[in-house]
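# A structural walkthrough
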Amino acid sequence: MTKEEILDILQQIKDPEIPNLSVIELGMIRDVEVNAPNAVIVRFTPTYSGCPATTLIKMEILQRLKAAGVEHIEIVEQLSPPWTTESFSPQALEKLRQAGIAPPHPHHKKGEDPPSLGIPCPYCESTDTKLLSAFGTTACKALYQCNSCGQPFDYFKCH
Ligand SMILES: [Zn+2]
């Protein structure tokens, strides 16, 4: 297996909480090393430590690579440097908006509560929005409502 073939397989793995983005688009795969034809090391950075999706994603990486014939797979969790919202590619940000999820706001600092007002609406881009719940459909998201178009939307707060 080549590194490109491994990356092609990983490109099919989605974060269950953001089903239209792959773990590569999310910036969760730092590197892949192919040390022998059947031995692969995947350097993996979770978006949010303690996020229940992390375990599921790691299991799927193992299953998919095993199914492709890789016998020795090591997943190394690389916590430094930590995953940040800058790990998102511009295409990934656009896909998030298409899914109705507002991407992390640059002024929202790690560990702080999500802002109560002003997160841009992914549907109409209005900033006349308000926080409804600090926990949305999953622990990694907060729920907002747009006052302009009336749509409720998720805000991705992992970073
Ligand atoms: Zn709106």
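Residues numbered from 1 in each chain as written. Predicted model: local features only at pLDDT ≥ 70, side-chain atom pairs only at ≥ 80, totals over all residues.

### Quick look at the overall build of the chain
To be explicit about the condition: Numbering of helices and strands runs from the N terminus; a helix is a DSSP stretch of H or I covering at least four residues, while a strand is a stretch of E covering at least two. Think of it this way: build a C-beta for each residue from its backbone, and any pair within 7 Å is a contact.
Scanning the chain from terminus to terminus reveals three helices and nine strands. What you see in the chain, going N to C, is helices and strands ordered as α-β-β-β-β-α-β-α-β-β-β-β. Referenced to the eigenvectors of the C-alpha coordinate spread, the extents of the chain come out at roughly 55 × 25 × 20 Å. Across the chain, contacts joining residues at least 24 apart in sequence account for 50% of those joining residues at least 6 apart.

### Some remarks on the nonpolar core
So the rule is basically this: Joining buried Ala, Val, Leu, Ile, Met, Phe, Trp, Tyr and Cys residues through C-beta atoms within 7 Å gives a set, and that set is a nonpolar core. A residue is called partly exposed when the number of other C-beta atoms within 10 Å of its own lies between 12 and 20, exposed at 12 or fewer, and buried at 20 or more, with C-beta atoms placed from the backbone. In this entry, domain limits derive from an automatic or database-based domain assignment.
Core analysis: the largest hydrophobic core is formed by 32 residues, its most contacted members being Val-23, Ile-29, Ala-102, Phe-153 and Tyr-155. At the level of elements, helix H1 (3-10), strand S2 (18-22), strand S3 (29-36), strand S4 (39-44), helix H2 (53-67), strand S6 (101-102), strand S8 (141-146) and strand S9 (152-156) are the ones that each hand at least two residues to this core. When residues of this core are assigned to their parent elements, the largest contribution, four residues, is made by H2. If you count residues domain by domain, this core takes at least three from each of domain 1 (3-77) and domain 2 (88-156). Residue contacts for Tyr-155: discarding those within four places in its chain leaves Ala-102, Pro-114, Ile-119, Lys-141, Ala-142 and Tyr-144.

### Description of the domain arrangement of the chain
To keep it simple, the criterion reads: Gly counts as polar in this scheme, as do all residues outside two lists: the nonpolar Ala, Val, Leu, Ile, Met, Phe, Trp, Tyr, Cys and Pro, and the charged Asp, Glu, Lys and Arg.
Per the domain assignment, the segments making up the chain are domain 1 (3-77) and domain 2 (88-156). Each of domain 1 and domain 2 has a C-alpha centre, and these two points are 27 Å apart. Taken together, the nine residues of domain 1 in the interface contact 11 residues of domain 2. Of the residues contributing to the side of domain 1 that touches domain 2, the split by class is five nonpolar, two polar and two charged.

### What to know about the environment of Gln-78
By the secondary structure assignment, Gln-78 is in the loop between strand S5 (72-77) and helix H3 (90-98). The spacing of Gln-78 and Leu-96 is 18 residues in sequence and 24 Å in space, taken between C-alpha atoms. Dropping the residues within four chain positions of it, Gln-78 is found in contact with Arg-30, Arg-43, Phe-44 and Thr-45.

### Observations regarding the sheet that holds S3
Pairing between the strands of a sheet is mediated by backbone hydrogen bonds and can be parallel or antiparallel. For clarity, the threshold we go by: In short, DSSP must find at least two bridges between two strands for them to pair. Fitted lines through C-alpha atoms serve as axes, helices being fitted only where they are in contact, and the angles separating the N-to-C directions of these axes extend from 0 to 180 degrees.
Spatial strand order, S3-S4-S5: three strands in an open sheet with mixed pairing. Single-partner strands in this sheet number two, and they are S3 and S5. On average, adjacent strands in this sheet sit at an angle of 15° to one another, irrespective of strand direction. Here S3 runs beside S4; their pairing, made up of six bridges, is antiparallel. In the strand pairing of S4, Val-34 is matched with Val-40. Where H1 meets the sheet, its contacts fall on S3 and S4, and the angle it forms with S3 comes to roughly 135°. On the sheet, H2 packs against S4 and S5 and is oriented at approximately 155° with respect to S5.

### Remarks on H2
Here is the rule: Any helix carries an expected span of 1.5 Å times its number of residues minus one. The arc in question is the one traced by the directions running from the helix axis out to the C-beta atoms.
For H2, with 15 residues, the first-to-last C-alpha span of 21 Å sits near the 21 Å given by 1.5 Å per residue. Restricting attention to buried positions, one finds in H2 the residues Ala-53, Ile-57, Ile-61 and Leu-65. Projected down its long axis, H2 shows its buried positions confined to an angular sector of 95°, all on one face. Those residues of H2 that are exposed and aimed more than 90 degrees away from the buried face are Thr-55, Met-59, Gln-63, Lys-66 and Ala-67. Summarising the contacts, the buried residues of H2 are in contact with H1, strand S1 (14-15), S4 and S5. Note on H2: the residue one or two positions beyond its end, Gly-69, has a positive phi of about 100°.

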